[in-house]
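Topology and contacts: notes
Residue strings, one per chain:
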Amino acid sequence: MGSAASVFLDRKVYLALMVALPILAWLTPPQFAIAFTVFILWMIVSSARLQKAAGDDDVPAKLAAYRRQLFGMMVVVAGALGGMALVTYTKMRGVVRGPQVENAELIGLYDGYRGFRLGYAVIITVFSVLWGILQTKRTLACTDSLELTKMQATEDMWVGSHSKNLMGGLVTLWTTTLLMLSIAPTTLAQNLKPLMSTLGDLRMAAGATRTQFLGRKGGAVPYSELRRQPSFAALYHHPQFIRLVESVAGCTSPLRPLPPAHEHACSLLVYSQEGDSIPYHYDRNYFQGKTFTVLLTLVNRDASQLLTSANATCIWLEGGDWCWSTSPNSLVVMHGESVLHKANPLRRRERRVVLSLVYTTDPNQSPLQAARQRVKDWSWGF
Ligand SMILES: O=C(O)CCC(=O)C(=O)O
Ligand SMILES: [Fe+2]
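Counting starts from 1 at the beginning of each chain's written sequence and moves along it residue by residue. Lettering for chains starts from A, numbering for ligands starts from 1, and both go in the order in which the items are written. Predicted model: local features are reported for residues with pLDDT of at least 70 only, side-chain atom pairs are reported and counted for 80 or more only, and whole-chain, interface and lining totals are derived from all residues. Excluding hydrogens and water, the side-chain figures rest on all heavy atoms present in the structure.

A look at the coordination of the iron ion (ligand 2)
Tetrahedral coordination by four donors puts the ideal angle at the metal at 109.5 degrees, and octahedral coordination by six puts it at 90 or 180 degrees. Coordination of the iron ion (ligand 2) by the protein comes from His 281 (NE2), Asp 283 (OD) and His 341 (NE2), over a distance range of 2.1 Å. Coordinating N, O and S atoms are those within 2.8 Å of the metal (3.2 Å for Na, K and Ca), and as water is not part of the atoms, a site may appear to have fewer donors than expected. Going along the chain, you hit the donors of the iron ion (ligand 2) in the pattern H-x1-D-x57-H. Only protein chains enter the accessibility calculation, which uses a 1.4 Å probe; a residue whose area is less than 20% of its type maximum is buried, one above 50% is exposed, and one in between is partly exposed. A relative accessible area of 23% places His 281 in the partly exposed class.

Have a look at this one:
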């Protein structure tokens, strides 16, 4: 085992990689970190087995150990990729339209990570499959030559080939990760990061007024209370944010925030107890202009803290539910009076906090609209 290449059979290398994992976990969505962890843990276990076989003089036993590891690696990589693809697919279900397509006026969804996740899964799969085919061919050729010349076979030969194989795999994983991170689209979180980071203090969500009315169950913090923390109103009025909403909504006239007297203008929706949800409904328009509901999800986690809650935003379209899991920082822009929509029931130990913003092209109200709005405020406990 004197070969320099055999460093890749050394458990210390994998332990060092384990140290790198928290950084990876911070850089990437959790499912990638899980896939990498499984991959590296498996490498640690299997390289220990391989080291044991390497000390053995029995060449066929070594070859068998080597083949097992090669096969196992393929299974682990395929499993990890399959798992990632499954999570990505589950999150993607129903996300088929963007601002450019037919329902642009009705609903737009901006989630910077969405394209990134899919692109990552596709690129890494293509790279890994191509690399897997190439390396498997090479290593099988090496194995054949070992079988033909059993006695001349040196450990360095197959350890070297195997190490190249593993090293190629790790380099492929890391370079594609870095490549994808460097070309990841500018996300909402990045664009508005300074503002978003000031929204971190969600302590006031704990004081949300809880109500149960016409099937709606959950908590809310009205604008009059939310204004005590200026960052929420700052985001609500931020020109760059409003431009983003206009572009997602496909709105030709400028959108305007509502005057501060409107409690629903900028409020927090707090889904914190099992069953918290809003059944199918249309948002009523209380203004003269065209009005949009904007949902910026701030917190969304399931019981494991790894994935999003069951409290997805769904719309009724073409005879079925179309749901968005709304990961943190995702933005739903909706023409709520023409889109039938709901929020699915929250499960136990889950939590979702949404900043709900209302923009309109004309905030004037008729007396009837003003009266109806007072009834809505009352039903929400505002
Ligand atoms: O929280 C959601 O996803 C939906 C909220 C909603 O529809 C509303 O507040 O009117
Ligand atoms: Fe709604």
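Some words on the packing of aromatic side chains
For this analysis, a ring pair means two rings from Phe, Tyr or Trp (six-membered ring only for Trp) whose centres lie within 6.5 Å, classed as stacked if their planes differ by under 30 degrees, edge-to-face if by over 60, and tilted for the remaining angles. Scanning all chains against the criterion turns up two aromatic pairs. With a centroid separation of 5.9 Å and an interplanar angle of 85 degrees, the aromatic rings of Tyr 223 and Tyr 236 are classed as edge-to-face. One end of the pair, Tyr 223, is in helix α8 (residues 223-226); the other, Tyr 236, is in helix α9 (residues 230-237), with 13 residues separating them in the sequence. You'll find Tyr 223 and Tyr 236 in the same group, each marked buried. Consider the rings of Tyr 236 and Tyr 359, whose centres lie 5.0 Å apart with planes at 45 degrees: the pair is tilted. Placement of Tyr 236 in helix α9 and of Tyr 359 in strand β12 (residues 351-360) is noted, with a sequence separation of 123 residues between them. A relative accessible area of 0% means that Tyr 236 is categorised as buried. Owing to a relative accessible area of 1%, Tyr 359 belongs among the buried residues under this scheme. Helix numbering and strand numbering both begin at the N terminus, where a helix is a DSSP run of H or I of at least 4 residues and a strand a DSSP run of E of at least 2.

Some thoughts on the site of ligand 1
Nearness here has a simple test: a residue counts as near a molecule or strand if at least one of its heavy atoms is within 4 Å of that partner. Leu 269, Tyr 271, Ile 278, His 281, Asp 283, Leu 295, Thr 313, His 341, Ala 343, Arg 352 and Trp 380 make up every residue found near ligand 1. Whenever a nitrogen or oxygen atom comes within 3.5 Å of another N or O atom, the pair is scored as a polar contact, on the condition that within protein one atom can donate a hydrogen and the other can accept it, and that pairs from neighbouring residues in sequence are kept only if both atoms are in side chains. Between ligand 1 and Tyr 271 there is a distance of 2.5 Å, counted from an oxygen atom to a side-chain nitrogen or oxygen. In short, Shrake-Rupley with a 1.4 Å probe defines the accessible areas, and a residue's cover is counted only from the protein chains shown. In the complex, the protein chains occlude 96% of the 300 Å² of accessible area that ligand 1 would expose alone.

Thoughts on the nonpolar core
Note on terminology: a nonpolar core comprises buried Ala, Val, Leu, Ile, Met, Phe, Trp, Tyr and Cys residues joined through side-chain atoms within 4.5 Å. Membership of the largest hydrophobic core comes to 37 residues, with the highest contact counts inside it found for Leu 268, Leu 355 and Tyr 359. Every element with two or more residues in this core is listed here: α8, α9, α10 (239-249), β5 (266-271), β7 (291-301), β10 (331-334) and β12. Sorting elements by how many residues they give to this core places α10 first, with six residues. In this structure, Trp 322, Met 334, Val 354 and Trp 380 belong to the second largest nonpolar core, which totals 16 residues.

Brief notes about the environment of Leu 298
Looking at the secondary structure, you find Leu 298 in strand β7. With 32 residues separating them along the chain, Leu 298 and Ser 330 place their C-alpha atoms 8.1 Å apart.

Here we look at the confidence of the model for the chain
Predicted confidence across the chain gives a mean pLDDT of 71, with 49% of residues reaching 70 or more. Of the regions scoring below 50 in pLDDT, residues 1-8 engages in 18 contacts with residues more than four places distant in sequence or in other chains. Here residues 88-114 scores under 50 on pLDDT; set against residues more than four positions off or in separate chains, the count is 66 contacts. Confidence of the predictor at the level of single residues is given by pLDDT, which spans 0 to 100. In this analysis, two residues are considered to be in contact whenever any of their non-hydrogen atoms come within 4.5 Å of each other.

Quick word on the pairing of β5
The element β5 is largely enclosed, with a buried count of six among its six residues. With burial as the criterion, each face of β5 is covered, one bearing Cys 266, Leu 268 and Val 270 and the other bearing Ser 267, Leu 269 and Tyr 271. With three bridges joining them, strand β3 (residues 216-221) and β5 adopt antiparallel strand pairing. Along β5, the bridge assignment pairs Ala 220 with Leu 269. Where β5 and β12 come together, six bridges link them in antiparallel fashion. Following the sheet pairing, Leu 269 is matched in β12 by Val 354. DSSP-based pairing: two strands are paired if at least 2 bridges between them are found.

Considering a nonpolar patch on the surface
Every patch collects residues that have over 30% relative accessible area and no salt bridge, joining them within 9 Å if they carry like charges and within 5 Å if they are nonpolar side chains (Val, Leu, Ile, Met, Phe, Trp, Tyr). One speaks of a salt bridge when a side-chain nitrogen belonging to Lys or Arg is within 4 Å of a carboxyl oxygen belonging to Asp or Glu. Taken together, Phe 213, Leu 214, Val 375 and Trp 378 make up a surface patch of nonpolar side chains, about 490 Å² in accessible area. Mapped onto the fold, Val 375 is located in helix α11 (residues 367-379). Judged by relative accessible area, Val 375 falls into the exposed class, the value being 52%.

Things to note about the pattern of salt bridges
When the charged atoms of two side chains with opposite charge come close together, those side chains can pair. Using the criterion set out here, one finds four salt bridges in the structure. We note a salt bridge from Asp 276 to Arg 210, for which the minimum N-O separation is 2.8 Å. One end of the pair, Asp 276, is in the loop between β5 and β6 (278-281); the other, Arg 210, is in strand β2 (residues 209-213), and 66 residues separate them in sequence. The exposure class assigned to Asp 276 is buried, which follows from its relative accessible area of 0%. By relative accessible area, which is 33% here, Arg 210 ends up partly exposed. Note that Glu 350 is salt-bridged to Arg 347, the shortest N-O span being 3.6 Å. A relative accessible area of 52% means that Arg 347 is categorised as exposed.

What to know about the state of the cysteines
Here, two cysteine sulfur atoms that lie within 2.5 Å of each other are counted as a disulfide. A complete count under the given rule lists one disulfide for this structure. Between the sulfur of Cys 314 and that of Cys 323 lies a disulfide, 2.1 Å long from S to S. Judged by the sign of its S-S torsion, about 100 degrees, the bond between Cys 314 and Cys 323 is right-handed. Comparing Cys 314 with Cys 323 shows no difference in burial state: the two are buried.

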